[in-house]
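Results of the structural survey
What follows is the residue order along each chain.
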Amino acid sequence: MKKYKVIGIMSGTSCDGLDITYCEFYKNKIWNYKITHCETIRYDKILIKKISKKFSHINEELLSLDKYFGVFIGEQIVSFIKKHKVNVDLICSHGHTVIHNPNKKITFQIGCGKKINSITEIKTVSNFRVQDVELGGQGAPLVPVGDHLLFNKYKYCLNLGGFANISEKNKSNIIGYDICPCNIILNFYAQKLGFEFDDKGSLASKGKINKSLLQKLNNLKYYHTKGPKSLDVSWVKNNFSPILHRYKIDPKDKLATITKHIAVQIAKCVKNQKTIISGGGAFNENLIKILIEESNSKIIIPNKKIINYKEAMIFGLLGVLKIRNEINCYKSVTGAIKNSVVGVINYDL
């Protein structure tokens, strides 16, 4: 039985840091995993400014940033390997999304796989989303494949990162989609109050819910369209934030209202059975409390390794499936014309 020793890399829309996880995967009828080492490399303000810049099209500046961030990732992986003294068969890097507009058939994640490979001298799989978008899919979410293969005992797998996204298992297939903005907007208003993020949701818990604002957020068109569907930062800027800006109320009241909104939208998606939650939002006790009140699903909060590193770990599995030439992207999730084997292999002999 072959074991794959893999490093999975993820940088989310919250720009809080680079998640690095060292995992082992093996298949004995079903896929099994073990997370051995994991850590988050916090970004400094200069790097945050660079990678959070949004582009509407691919240009020389973006390609330069792609290489720059690839070098950064490669160097962090080399340090990680030396620190933990691990042998690595494969690196699988999601990178950091700077463009995602599947309707225009464009998506771009910085973190050049060729640079990562040249620095680490380890086979690297990157660029996971492009092929699905070219096949007419959303290119997102991709994690449901891992949810299906590794977390099949849960009906729903909910990730509370920059955006709340979900995978749902049915008898014949699995579907997945972005539900609503999450930490990307909560962090924004926490920072207005002088905090990096709303620790445990304590700021929101002190605010009052504005019913008018809540209704307007809940009435956004996106929530009334069926999947496959996905969100990005530009959607937040163009659709979500303008509503919030019209309300001249205390930031704590906005946090309270947004938190309620997130819980309401999630509760519409999780009905009965078990929901396992990962991502930084799993530590937001106020949000989880409201979600439990709103939903009749049994909410499961796993161990910290799963909460913090599930996405990075699953991209590790997607890379393993890629080198095995096995399907790692489902059309039932993304809306593409067919299932596919996504990712680009970077390997210099």
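Residues numbered from 1 in each chain as written. Predicted model: local features only at pLDDT ≥ 70, side-chain atom pairs only at ≥ 80, totals over all residues. Heavy atoms only, no water.

Now for the overall build of the chain. Of the regular secondary structure elements, the chain holds 13 helices and 13 strands. Taken over the C-alpha trace, the chain has a radius of gyration of 19 Å; the compact-globule value for 349 residues is 20 Å, and the two agree within 12%. If one aligns the C-alpha atoms of the chain with their principal axes, the spans along those axes are about 60 × 45 × 40 Å. Taking all 349 residues of the chain together, the buried fraction comes to 57%. For the chain, the share of sequence-separated contacts (at least 6 apart) that also reach a separation of at least 24 residues comes to 69%. By element, 49% of the accessible surface of the chain is carried by carbon and sulfur atoms, the whole surface being about 16200 Å². Of note, the chain has its 53 positive side-chain charges centred 5 Å away from the centre of its 28 negative side-chain charges. (Helix = DSSP H or I, 4+ residues; strand = E, 2+ residues; numbered from the N terminus. Rg over C-alpha atoms; globule rule 2.2 N^0.38 Å. Buried < 20%, exposed > 50% of the residue type's maximum accessible area, 1.4 Å probe, protein only. Contact = heavy atoms within 4.5 Å. Areas by Shrake-Rupley, 256 points an atom, 1.4 Å probe, with all protein chains shown as cover. Lys, Arg positive; Asp, Glu negative; His and termini not counted. Charge placed at Lys NZ, Arg CZ, Asp CG, Glu CD.)

Another point: helix α3 (residues 113-120). Those residues of α3 that fall on the buried side of the exposure criterion are G113, I116, N117 and T120. Projected onto a plane normal to the axis of α3, the buried residues spread over an arc of 95° and lie on a single side. In the core, the buried residues of α3 are packed alongside α2 (60-84), β4 (90-93), β7 (124-126) and β13 (344-346). (Arc of directions from axis to C-beta.)

Following the criterion strictly, the structure yields one cavity of 30 Å³ or more and no others. Taken as a whole, the largest cavity holds about 40 Å³ of empty space. P141, V143, P144, D147, C157, N159, N165, I166, S167 and K310 together form the lining of the largest cavity. Among the secondary structure elements, those contributing two or more residues to the lining of the largest cavity are α5 (144-150), β8 (156-160) and β9 (163-169). No other element matches the three residues that β9 contributes to the lining of the largest cavity. Here the residues of the lining of the largest cavity are counted per class, giving five nonpolar, three polar and two charged. (1 Å grid on protein atoms, 1.4 Å probe; cavity = no way out; pocket = protein on both sides within 12 Å on 5 of 7 lines; lining within 4 Å. Points joined across faces, edges and corners; volume = space filled by probe spheres on them. Nonpolar A, V, L, I, M, F, W, Y, C, P; charged D, E, K, R; others polar.)

Within β9, seven of the seven residues are buried, leaving the element largely enclosed by the surrounding structure. The alternating pattern of β9 places F163, N165, S167 and K169 on one face and A164, I166 and E168 on the opposite face, and all of these are buried. As paired strands, β8 and β9 are joined by five bridges and run antiparallel to one another. Looking at β9, one finds that L160 is bridged to A164. Bridge count between β9 and strand β10 (residues 174-181): seven bridges; the pairing is antiparallel. Bridge pairing links E168 to I175 in β10. Counting the residues between successive antiparallel strands, the hairpin from β9 to β10 contains four residues. (Pairing = 2+ DSSP bridges.)

Let's shift gears to the layout of surface pockets. As a volume, the second largest pocket reaches approximately 290 Å³. Forming the walls of the second largest pocket are 18 residues, and the residues nearest its centre are Y177, T225, K226, G227 and K229. Sorting the residues of the lining of the second largest pocket by element identifies β10 and α13 (331-334) as the ones contributing at least two each. Top contributing element to the lining of the second largest pocket by residue count: β10, with five residues.

Here we come to the environment of S297. With respect to the element layout, S297 can be found in the loop between α11 (285-294) and β12 (298-300). For the pair formed by S297 and K271, sequence separation is 26 residues and the distance between their alpha carbons is 5.2 Å. Ignoring any residue separated from it by four or fewer positions in sequence, one finds S297 in contact with Y156, V270, K271, N272, Q273, K274 and T275. Among the polar contacts listed, one links the side chain of S297 to the backbone oxygen of N272, at a separation of 3.4 Å. Among the polar contacts listed, one links the side chain of S297 to the side chain of T275, at a separation of 2.6 Å. (Polar contact = N/O pair within 3.5 Å; in protein donor to acceptor, adjacent residues only side chain to side chain.)

Treat this as a map of the structure, not an account of what it does.
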